[in-house]
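Inside the fold
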Amino acid sequence: MELKEIKKRALSLRNGTDKPEIWVAYKGMVYDVSNSRLWKNGKHYEHWAGQDLTAELKDAPHTEAVFDKMKIIGKLID
């Protein structure tokens, strides 16, 4: 199945306040975290939805395996 291409602008609008969907990106993939209680209102500790979190994972108390539980909805493009 071909993944939908998602521009950074579209990702930024899914930040928990502008649209009902809450999305984050990691390593080029965009994930829907709308149903996660940990991303309520688009905030997860000091991390904000609507952006690429690849560089921020090093500060997290978990590994990238956390993304295995989330639904990939597209591929991030510039």
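Residues numbered from 1 in each chain as written. Predicted model: local features only at pLDDT ≥ 70, side-chain atom pairs only at ≥ 80, totals over all residues. Heavy atoms only, no water.

Let us look at the overall build of the protein chain. In terms of helices and strands, the protein chain carries one helix and six strands. The C-alpha radius of gyration computed for the protein chain amounts to 11 Å, which stays within 12% of the reference 12 Å derived for 78 residues, consistent with globular compactness. In terms of its C-alpha atoms, the protein chain occupies a principal-axis envelope of roughly 30 × 25 × 20 Å. Within the protein chain, the fraction of its 78 residues that count as buried is 32%. Long-range contacts, defined as pairs at least 24 residues apart, comprise 64% of the intrachain contacts of the protein chain with a sequence gap of at least 6. Roughly 5,400 Å² of accessible area belongs to the protein chain as shown, and the carbon and sulfur atoms make up 52% of that amount. Separation between the mean location of the 14 positive side-chain charges and that of the 12 negative ones in the protein chain comes to 4 Å. (Helix = DSSP H or I, 4+ residues; strand = E, 2+ residues; numbered from the N terminus. Rg over C-alpha atoms; globule rule 2.2 N^0.38 Å. Buried < 20%, exposed > 50% of the residue type's maximum accessible area, 1.4 Å probe, protein only. Contact = heavy atoms within 4.5 Å. Areas by Shrake-Rupley, 256 points an atom, 1.4 Å probe, with all protein chains shown as cover. Lys, Arg positive; Asp, Glu negative; His and termini not counted. Charge placed at Lys NZ, Arg CZ, Asp CG, Glu CD.)

Here we have four strands laid out as an open sheet, ordered S1-S6-S3-S2, and mixed in their pairing. One side of each edge strand has no neighbouring strand; the edge strands of this open sheet are strand S1 (4-7) and strand S2 (23-26). Each strand axis lies, on average, 45 degrees off the axis of its neighbour in the sheet, ignoring direction. Bridging between S2 and strand S3 (residues 29-32) involves four bridges; their strand directions are antiparallel. (Pairing = 2+ DSSP bridges. Axes fitted to C-alpha atoms, helices over the stretch in contact; angles between N-to-C directions.)

This part is about the confidence of the model for the protein chain. Looking at the protein chain as a whole, its pLDDT mean stands at 89, while 97% of the residues score no less than 70. Across the protein chain, S1 holds the top mean pLDDT of 97, while strand S4 (residues 43-44) sits lowest at 83. (pLDDT = per-residue confidence, 0-100.)

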